[in-house]
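Each chain is listed here by its residues.
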Amino acid sequence: MPPIRCHSALNAVALIQSGETLWTHSMGATPRILLDALAKHALTKDNLTLLQLHTEGAESLSHPNLKGHLRHRCFFGGLPTRALLQSGDADYVPIFLSEVPKLFRSGEQKIDTAMIQVSPPDKHGMCSLGISVEATLAACQVAGKIIAHINPQMPRTHGDGFIHINRFAAVYEQSVALPIHSFATGDTVSLAIGQHVAQLVRDGDCLQMGIGAIPDAVLSCLTGHRDLGIHTELFSDGILQLVEKGVVNNSKKRFYPGKLVTGFALGSQKLYDYVDDNPAVIFMDIEQVNDTAIIRKNPNVMAINSALQVDLSGQVCADSIGAKIYSGVGGQMDFIRGAGLSEGGRSVIALPSTAAGGSISRIATVLSPGAGVVTTRAHVHYIVTEYGAANLRGRSLRERAQALIAIAHPDFREQLSKEAFEVWGLRV
């Protein structure tokens, strides 16, 4: 049955009733036009729940006047929701990113309405989820109804993210630019970290990378490498630059050899133009992208992720600052475990040695109270700061403390050595 064609985004979201559980398309495909309309519509409804990953430009839904009308339920926190999470006015669900689609498909988490942003339908009536498939494909498969913003500027991408227009309950069409993330040129600390990580990357490795100054710095240091492959959650401009230079050719991969596999893309308009109708880039369901059984099929997987704090035993906190939720579990453990199971695979946690203008050491004797352990000390491999790389795999607690103190900021090494004995009983 064809969808209702609406003359405004407000008309489209008018199908949403009190008490519904909603899903919003996330990352660069966040349907901001629909969400801004929802911010108005929600004031006439009660007890709406909005499920989400990281969203871009969705600040209108964080307004205090929506309290009691709409509550965020976050599998990953971001700028629009961070303050709400930290004040207790939104809910955080710690979960591996690979498990979110399973939560939907199993029926453990119901979804009444999915709000998405898609490309115009092709001659077969198929719309594309474009630059972000992540968990949205699964959400659409189980949702009672789908409300779609058809955006002519949304790329039509290859892979899993196709939905027939007749699956939509309502559509609203408007051409709007997608969110742009500039490639980070890199400060001295990030570049130093990037150089240390690049030394751990070997020709023929299959990379997984995040977004931000440190991943961008790492990618900028890989121009001398050869035959790299990409199987990652996020496709960014740093990766595109390596594709253009011939450094990334995906020739050594066993899962989709010759293809770049990703769950979503976020970056420049050039990046979005590149993925548009490009069969060399496969956008897959994140349950597949982040499945350790699939990740391990590729040899020499190199997973590169970041953290907020690491303790002397190697425990990695990546989702909170103490008990204050900052982001989420995401796919860090999916890829660290997948890399660990891969033939020749390795993983890196990269972070600056200090925070708060140099006043706090990110390498801590113990994690701050309430800090979430995202990567356990049994899973951790390399820890990298601007002062070098510490290989923790197969190392004792004493050896770990020694290696981590050696890459901590020099201002904190003496104190960490003293506390290693006082707290852990380790003579370093």
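Values in this document were obtained by computation on a predicted structure and should not be read as measured data. (Residues numbered from 1 in each chain as written. Predicted model: local features only at pLDDT ≥ 70, side-chain atom pairs only at ≥ 80, totals over all residues. Heavy atoms only, no water.)

1. Examining the UniProt feature "domain: Acetyl-CoA hydrolase/transferase N-terminal" (unreviewed entry) in the protein chain
Argument step 1. As annotated by UniProt and renumbered to match this structure, "domain: Acetyl-CoA hydrolase/transferase N-terminal" (unreviewed entry) occupies residues 69-173.
Argument step 2. Taken end to end, residues 69-173 has its terminal C-alpha atoms 26 Å apart, with 18% of it in helix and 30% in strand. (UniProt positions renumbered as here; feature names shortened; annotations may be inferred. Helix = DSSP H or I, 4+ residues; strand = E, 2+ residues; numbered from the N terminus.)

2. Focus: the sheet that holds strand S18 (residues 316-317)
Argument step 1. If you trace the four strands from one edge of the open sheet to the other, you get S24-S17-S18-S25, paired in mixed fashion. Edge positions in the sheet fall to strand S24 (363-364) and strand S25 (373-375), since each has one partner strand and no second.
Argument step 2. Note that strand S17 (residues 309-311) and S18 share two bridges and pair antiparallel. Looking at the pairing, Gln-309 lines up with Cys-317 of S18. (Pairing = 2+ DSSP bridges.)

3. Here we look at the pattern of salt bridges
Argument step 1. Under the counting rule described, the total for this entry stands at 15 salt bridges.
Argument step 2. Asp-89 is the partner of Lys-67 in a salt bridge, and the nearest nitrogen-oxygen pair spans 3.4 Å. Taken together, the residues span a long stretch of sequence, with Lys-67 in the loop between strand S3 (48-52) and strand S4 (70-74) and Asp-89 in the loop between helix H3 (82-87) and strand S5 (91-92) at a distance of 22 residues.
Argument step 3. Given the relative accessible area of 29%, Asp-89 is considered partly exposed.
Argument step 4. A salt bridge links Arg-105 to Asp-285, with the nearest nitrogen and oxygen atoms 2.4 Å apart. Here Asp-285 lies in the loop between strand S15 (281-283) and helix H10 (286-289) and Arg-105 lies in helix H4 (residues 100-105), a separation of 180 residues in the sequence.
Argument step 5. Asp-285 sits in the buried class, given a relative accessible area of 4%.
Argument step 6. One salt-bridge network, held together by shared partners, links Arg-105, Asp-285 and Glu-287. (Salt bridge = Lys/Arg side-chain N within 4 Å of Asp/Glu carboxyl O. Buried < 20%, exposed > 50% of the residue type's maximum accessible area, 1.4 Å probe, protein only.)

4. Considerations on the layout of surface pockets
Argument step 1. The computed volume of the second largest pocket comes to approximately 220 Å³.
Argument step 2. Along the walls of the second largest pocket sit 15 residues, with Leu-66, Lys-67, Gly-68, Leu-70 and Asp-89 positioned nearest its centre.
Argument step 3. The leading source of residues in the lining of the second largest pocket is S4, at three residues. (1 Å grid on protein atoms, 1.4 Å probe; cavity = no way out; pocket = protein on both sides within 12 Å on 5 of 7 lines; lining within 4 Å. Points joined across faces, edges and corners; volume = space filled by probe spheres on them.)

5. Topic: the packing of helix H13 (residues 397-407) against helix H14 (residues 410-424)
Argument step 1. For the pair H13 and H14, interaxial distance at closest approach is 9 Å and the crossing angle is 160°. In terms of orientation, H13 lies roughly antiparallel with respect to H14. Of the two elements, H13 crosses H14, and the hand of that crossing is right-handed. Facing H13, whose interface residues are Leu-397, Ile-405 and Ala-406, H14 presents Arg-413, Leu-416, Ser-417 and Trp-424.
Argument step 2. Of the residues contributing to the contact of H13 with H14, the split by class is five nonpolar, one polar and one charged. (Axes fitted to C-alpha atoms, helices over the stretch in contact; angles between N-to-C directions. Parallel < 35°, antiparallel > 145°, perpendicular 65-115°, else oblique. Left-handed = near helix turned anticlockwise from the far one by under 90°. Contact = heavy atoms within 4.5 Å. Nonpolar A, V, L, I, M, F, W, Y, C, P; charged D, E, K, R; others polar.)

6. Examining the pairing of strand S8 (residues 145-150)
Argument step 1. A large share of S8 lies buried, amounting to six of its six residues.
Argument step 2. Burial along S8 is two-sided: the residues Lys-145, Ile-147 and His-149 and Ile-146, Ala-148 and Ile-150 are all buried.
Argument step 3. Where strand S6 (residues 113-118) meets S8, six bridges bridge the pair, whose relative direction is parallel. Opposite Gln-117, over in S8, you have His-149 as the bridge partner.
Argument step 4. The pairing of S8 with strand S11 (residues 170-173) spans four bridges and is parallel. Within S11, the position partnered with Ala-148 by the bridge is Val-171.

7. As for the environment of Leu-50
Argument step 1. With respect to the helices and strands, the residue Leu-50 is situated in strand S3.
Argument step 2. With 20 residues separating them in the primary sequence, Leu-50 and Leu-70 have C-alpha atoms 7.0 Å apart.
Argument step 3. Here Leu-50 is in contact with Leu-22, Trp-23, Thr-24, Leu-61, Leu-70, Arg-71, His-72, Arg-73 and Met-115, once residues within four sequence places are set aside.

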